[in-house]
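Report on the structure
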Amino acid sequence: MSYEVALKCRECGRKFELLAIYSCEFCFGPLEVDYDYKQIKLNTSKKSIENGPESLWRYASLLPCDPEYKVDIGAGFTPLIKSKKLAEHLGMKNLWIKNDTANPTWSFKDRVVSMAIARARQFGYQDLACASTGNLANSVSAHAAKANMRALVFMPDDLESGKVIGSSIYNPILTMIDGNYDDVNRVCTELAASNDWAFVNINMRPYYAEGSRTLAFEVAEQLGWRAPDHCVVPMASGSLFTKIWKGFNEIRNIGLIKDLNTRMSGAQASGCSPISTAFKNGSVNFIPQKPKTIARSLAIGNPADGYYALKVMEETNGAAEMASDEEIVDGIKLLAESEGIFAETAGGVSVACLKKLVASGVINTDEETVLFITGAGLKTIEAVKDEMNPPIMIPPNAEEFMAEFNKLG
Ligand SMILES: *Cc1c(COP(=O)(O)O)cnc(C)c1O
Ligand SMILES: [Zn+2]
C-alpha cells in the first residue's frame, strides 16, 4: 500500500492531482507529494519496517508510489558506520558515516530514481529521461535497462570518464551537451514540454525527490530509532538536504522517533557555492553562479531547492561550508586513509566541510554527527590520480622487493 494523496504547492499550499507535473499553475511554486499521515501511522510500525526487505522498499508505506511498479536493483539500506580514526583526527567524540557509495550504481541517486521510475511505470511511460551532473545518468540508465524502458540521458560534456562509461555501459541514448548543467537542464525542460517522456528530475521531480527521505529513515532506524544531533550533507540543487530534514520530521510526527533536535548543515564546493555563499552572507536568497570545480556532481549554479535549503539551515540552527579543489582532494584521501571508504569528489566536499565546521566550533565535538557520503571514488579517479604515492615497480624477484621495501624506512 502507498498513501500519497495529492501534490501540494510548497508556496501557496494549493493541491493538485497526482500527475506528471512539477510546478503550481497559480504561483509557479514547486510541487511536493502530500500523504495521508493518519493512514501511514496506522499501517507503519518499527516492527513492520524491521521485517521488510533490506532495501529502501522497507519504507514502502512512506513512499510516493505503488510498490507493485518498483524496479529493484537493490537501492538503499546502506551501511551506517561508526567512525574511529576520522573522528579522532577531527577531535570528535561521536561521528557516523552514512556510506551511500554502497548503492547499485554507487551513488545516492539510486534512491531518487527508484521513486521516479516506479511512478513513471505507474503513469505508463515507456521512456525514462534525465538532466544529469553524472550520477543521475548512471542510475537512470541502469534502472531503465532493468525495466526494459528506453533511457535518454543528458549531461554536460566535461564529465569524468567514470561517469560517462558508468552510463553508456547500460546502453542509453546518451547526449553530452557543450555547456554546464544549468544549460543541460534548460534544454531538457524544453524537451520535457514537447515529448511524452518521464524526465525523472523534471516532470517526475515531486516523486523523485521523495526518495532522498529514505536516508533519514535509515539513519534513524540504524541509530536505534532516534535522530542524530547534526547532519552534514552535500548540496547540488539542495533537494537531498531538504528531504533528509523532511524525512526526520515525518517519522517524528508518526511516532517512530521521539525527539527531533537535529541541526542540518550543508556542504558545497567553493567553485560552485550559491547556497553556502548565501548562508555566509546571512541571506535566504542565493545568487546563481557559473560552476568551476572538480566536484562536478555538485556543480549546479542555479539550485532549484537552494531557498528551501537555506530555510532549513535557519530553522535547525545549522550552517553551510564550502571547500576548494585542493581541500576536496585532501578530504577524499583523509576519508580513504582513515575509514577505508573511497568517495568521489562530493564526498571530499563533505569531509572538508565537516572539518571546517568542527574547527570553527559550529559543530560541537560531542554532538552526535552523521556525515553523508553520497558517491563512490572510482567514478572520479581524475581528481586523485596524481595525488598518491606511486607503486613500487620491480622485476619478478623477491630480493628486488626487499631492497625497495627497506628504502621506505
Ligand atoms: C546529486 C548529488 C548530490 C546532491 O544532489 P541534490 O541536487 O542536492 O539533491 C550529492 N552527492 C552526489 C554524489 C550527487 O550525485
Ligand atoms: Zn502555488
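That block above? That's the structure.
We now turn to the structure provided with this report. (Residues numbered from 1 in each chain as written. Chains lettered and ligands numbered in written order. Predicted model: local features only at pLDDT ≥ 70, side-chain atom pairs only at ≥ 80, totals over all residues. Heavy atoms only, no water.)

Moving on, we come to the coordination of the zinc ion (ligand 2). The coordination sphere of the zinc ion (ligand 2), as far as protein atoms go, consists of C9 (SG), C12 (SG), C24 (SG) and C27 (SG), spread over 2.3 to 2.4 Å. Note that the zinc ion (ligand 2) binds 4 donor atoms; their angles at the metal cover 96 to 121 degrees, and the shape is tetrahedral. Motif for the zinc ion (ligand 2), donor spacing along one chain: C-x2-C-x11-C-x2-C. One end of the pair, C9, is in strand 1 (residues 4-9); the other, C27, is in the loop between strand 2 (15-16) and strand 3 (31-35), with 18 residues separating them in the sequence. The exposure class assigned to C27 is partly exposed, which follows from its relative accessible area of 33%. (Donors = N, O, S within 2.8 Å, 3.2 Å for Na, K, Ca; no water. Tetrahedral: all angles 85-135°; square planar, octahedral: opposite > 155°, others 65-115°. Helix = DSSP H or I, 4+ residues; strand = E, 2+ residues; numbered from the N terminus. Buried < 20%, exposed > 50% of the residue type's maximum accessible area, 1.4 Å probe, protein only.)

Take the environment of S237 next. Mapped onto the elements, S237 comes out in the loop between strand 10 (230-234) and helix 10 (239-253). Residues S237 and A304, 67 residues apart in the sequence, show an inter-C-alpha distance of 5.3 Å. Aside from chain neighbours lying at most four places away, what touches S237 is R205, I275, I300, P303, A304, D305 and G306. Engagement of the side chain of S237 in a polar contact is seen with the side chain of R205, the distance being 3.2 Å. (Contact = heavy atoms within 4.5 Å. Polar contact = N/O pair within 3.5 Å; in protein donor to acceptor, adjacent residues only side chain to side chain.)

Right, let's talk about the site of ligand 1 for a bit. Contacts to ligand 1 come from 15 residues, most closely from K109, N135, S237, L240 and T374. For ligand 1, an oxygen atom lies 2.9 Å from a polar atom in the backbone of G238. Isolated, ligand 1 exposes 390 Å² of accessible area, and the fraction of that covered by the protein chains is 96%. Split into classes, the residues belonging to the shell around ligand 1 amount to 7 nonpolar, 6 polar and 2 charged. (Near = heavy atom within 4 Å. Areas by Shrake-Rupley, 256 points an atom, 1.4 Å probe, with all protein chains shown as cover. Nonpolar A, V, L, I, M, F, W, Y, C, P; charged D, E, K, R; others polar.)

Next up on the list: helix 5 (residues 135-147). The end-to-end C-alpha separation of helix 5 is 18 Å, in line with the 18 Å expected for 13 residues at 1.5 Å each. A large share of helix 5 lies buried, amounting to 11 of its 13 residues. Every buried residue of helix 5 is accounted for by N135, L136, A137, N138, S139, V140, S141, A142, H143, A144 and A147. Tucked inside the fold, the buried residues of helix 5 contact helix 4 (109-123), strand 6 (127-131), strand 7 (150-156), helix 6 (161-168) and helix 8 (205-210). (Expected span 1.5 Å × (residues − 1).)

A separate point is the packing of aromatic side chains. Here the structure, examined in full by the defined rule, presents 9 aromatic pairs. Their ring planes at 35 degrees and their centres at 6.4 Å tell us that F16 and F26 sit as a pair that is tilted. Of this pair, F16 sits in strand 2 while F26 sits in the loop between strand 2 and strand 3, placing them 10 residues apart in sequence. The class of F16 is buried, set by a relative accessible area of 12%. Both rings, one in Y59 and one in F217, keep their centres 5.4 Å apart while their planes meet at 55 degrees; by these two values the pair is tilted. (Phe/Tyr/Trp six-rings, centres within 6.5 Å; stacked < 30°, edge-to-face > 60°.)

Strands in a sheet are paired, the pairing made by backbone hydrogen bonds, and the direction either parallel or antiparallel. Taken in spatial order, the 4 strands of this open sheet run 8-7-6-9, and their pairing is parallel. Of all the strands in the sheet, the pair left with one neighbour each is strand 8 (173-177) and strand 9 (198-199). Pairing between strand 6 and strand 9: 2 bridges, direction parallel. By the bridge assignment, A129 is partnered in strand 9 with F199. Helix 5 rests against strand 6 and strand 7 of the sheet, and its axis sits at about 170 degrees to strand 7. (Pairing = 2+ DSSP bridges. Axes fitted to C-alpha atoms, helices over the stretch in contact; angles between N-to-C directions.)

Turning to the sheet that holds strand 10, a few remarks are in order. In spatial order, the strands read 4-5-13-10-11-12; together these 6 strands make up an open sheet with mixed pairing. Across the chains shown, the open sheet's two edge strands, defined by having one partner strand only, are strand 4 (80-82) and strand 12 (320-323). Pairs of neighbouring strands in the sheet enclose a mean axial angle of 25 degrees, with direction left out of account. As judged from the 4 bridges shared by strand 11 (residues 263-269) and strand 12, these two strands associate in the parallel manner. Following the sheet pairing, G266 is matched in strand 12 by A320. Lying on the sheet, helix 13 (residues 325-339) is in contact with strand 4, strand 5 (95-99), strand 11, strand 12 and strand 13 (369-373); it crosses strand 12 at an angle near 100 degrees.

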